[in-house]
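If you want the building blocks of each chain, they are given just below.
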Amino acid sequence: MTVTLEASDGVGTIRLDRPPMNALDMATQDRLRELAEEATRRDDVRAVVLYGGEKVFAAGADIKEMRAMDHAAMVLRSKALQDAFTAVARIPKPVVAALTGYALGGGCELALCADFRIAADNAKLGQPEILLGLIPGAGGTQRLARLIGPSRAKDLIFTGRHVRAEEALSIGLVDRVVPAAEVYEQAHAWAAALAKGPALALRAAKESVDAGLETDIDTGLTIERNWFAGLFATEDRERGMRSFVEDGPGKATFL
């Protein structure tokens, strides 16, 4: 399998495993979508880590495979490509990308689908598609601009240059930079802490932020208000408030 899903302690690790560079060919894309949908369904997965291994996250698409495709073939394939990444972005649970080595092209676009990105100090990110006479096709022109702003996104997309970890941190492309040997450990710890939290409230928070970014402020406030009120019907809300009153803040345990 080019992608696997393993779960323990509430954390599901979606692992890319297509040596040597985790090139994202069509089979890998389809498997990624399947496992993202599985992680969405599984009750024993409460948070997710995206990981490519100790050496590389993903160096991009399989260029040899793409080179053999003509316009008609890509018209048919491009929707499936985007759907695979969108399935990851829509996992209604906290998702963290653990980035080692290269996260380029499709690899960078996959990282953009996470809620939080932890990068190794030797990581390099970028959208080099322009160097092939292309543009990003798995969400890069959209998610990158929303994350770091349009002018910075255009700089990376227009030039195709690689961004080292420290610059990626400074522009908001990643959220934390750690020694390479600690990337997965820290990503798993981030996910494990949230896996113990109130699942419905976390889902509500993620959907409110993500959906709100796609609309005007009044519609976004309506989305937030509906989720906020709806959480008053949950057992987690009762547990959280009861624990706060009886034991003080931050001590609640959730199902």
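Preceding this section is the structure that the text describes.
The paragraphs below set out a description of the structure included in this document. (Residues numbered from 1 in each chain as written. Predicted model: local features only at pLDDT ≥ 70, side-chain atom pairs only at ≥ 80, totals over all residues. Heavy atoms only, no water.)

The next point concerns the overall build of the chain. What the chain contains, in helices and strands, is eleven helices and nine strands. For 255 residues, the compact-globule estimate of 2.2 N^0.38 gives 18 Å, and the chain sits close to it at 19 Å. In terms of principal-axis extent, the alpha carbons of the chain reach across some 65 × 40 × 35 Å. Total accessible area on the chain stands at roughly 13,300 Å², and carbon and sulfur atoms take up 56% of it. Charge separation in the chain, taken as the distance between the mean sites of 31 positive and 36 negative side-chain charges, equals 2 Å. (Helix = DSSP H or I, 4+ residues; strand = E, 2+ residues; numbered from the N terminus. Rg over C-alpha atoms; globule rule 2.2 N^0.38 Å. Areas by Shrake-Rupley, 256 points an atom, 1.4 Å probe, with all protein chains shown as cover. Lys, Arg positive; Asp, Glu negative; His and termini not counted. Charge placed at Lys NZ, Arg CZ, Asp CG, Glu CD.)

On the surface, a nonpolar cluster with roughly 260 Å² of combined accessible area is contributed by I63, L132 and L134. Checked against the element boundaries, I63 lands in helix α2 (residues 63-67). (Patch = residues over 30% accessible without salt bridge, like charges linked within 9 Å, V, L, I, M, F, W, Y side chains within 5 Å. Salt bridge = Lys/Arg side-chain N within 4 Å of Asp/Glu carboxyl O.)

Here we take up the packing of aromatic side chains. Given two aromatic rings, one states the distance between the centres and the angle between the planes to describe the pair. Going through the model one piece at a time under the given rule, you end up with three aromatic pairs. Relative to W190, the ring of F116 lies with its centre 5.1 Å away and its plane at 10 degrees, an arrangement referred to as stacked. With F116 in strand β6 (residues 116-120) and W190 in helix α8 (residues 183-195), the pair connects residues that are 74 residues apart, well separated along the chain. Accessibility assignment for this pair places F116 and W190 in one class, buried. Centre to centre, the rings of F228 and F232 are 5.5 Å apart; their planes meet at 75 degrees, and the pair counts as edge-to-face. By relative accessible area, F228 is classed as exposed at 55%. (Phe/Tyr/Trp six-rings, centres within 6.5 Å; stacked < 30°, edge-to-face > 60°. Buried < 20%, exposed > 50% of the residue type's maximum accessible area, 1.4 Å probe, protein only.)

Spatially, three strands are ordered β5-β7-β8 in an open sheet, and the strand pairing comes out mixed. Taken across any chain shown, the strands that pair with only one partner, and hence form the sheet edges, are β5 (102-104) and β8 (163-164). Both strand β7 (residues 124-126) and β8 contribute to a ladder of two bridges, which runs antiparallel. From the neighbouring strand, L125 faces β8, where its bridge partner is V163. (Pairing = 2+ DSSP bridges.)

Between P19 and P20 the backbone carries a cis peptide bond, its omega angle lying at 5 degrees. With phi around 55 degrees, D9 is a residue other than glycine that occupies positive phi space. When you line up the elements, D9 lands in the loop between β1 (3-8) and β2 (11-16). Since its relative accessible area comes to 70%, D9 is described here as exposed. With a phi angle near 55 degrees, N22 is a residue other than glycine that sits in the positive phi range. With respect to the helices and strands, the residue N22 is situated in the loop between β2 and α1 (26-41).

Bringing the packing of α1 against helix α3 (residues 71-89) into the picture now. Helices that pack against each other are described as a pair by the angle of their axes relative to one another and the distance between those axes. Contact geometry for α1 and α3: axes closest at 8 Å, N-to-C directions at 35 degrees. The hand of the α1/α3 crossing is left-handed. Side by side, α1 and α3 meet where M26, Q29, D30, L32, R33, A36 and E37 of the first sit next to R77, L81, D83, A84, A87 and V88 of the second. Partitioned by chemical class, the residues of the contact of α1 with α3 number seven nonpolar, one polar and five charged. (Axes fitted to C-alpha atoms, helices over the stretch in contact; angles between N-to-C directions. Left-handed = near helix turned anticlockwise from the far one by under 90°. Contact = heavy atoms within 4.5 Å. Nonpolar A, V, L, I, M, F, W, Y, C, P; charged D, E, K, R; others polar.)

Before going further, it helps to examine the nonpolar core. One finds L50, L99, L125 and L173 to be the most contacted residues of the largest nonpolar core, which totals 61 residues. Aside from chain neighbours lying at most four places away, what touches L125 is L99, A103, L104, C108, R161, H162, V163, A168, L173 and V174. (Core = buried A, V, L, I, M, F, W, Y, C linked by side-chain atoms within 4.5 Å.)

Quick look at the pairing of strand β4 (residues 95-99) now. Both faces of the sheet carry side chains from a regular strand, because those side chains alternate between them. Extensive coverage of β4 is indicated by the burial of five of its five residues. Residue alternation in β4 divides its side chains into two sets, V95, A97 and L99 and V96 and A98, and both sets are buried. As defined by bridge partners, strand β3 (residues 47-51) adjoins β4 across four bridges and the pair is classed as parallel. Paired with V48 across the strands is V95, a residue of β4. Bridging between β4 and β6 involves four bridges; their strand directions are parallel. Bridge assignment links A98 to a residue of β6, and that residue is I118.

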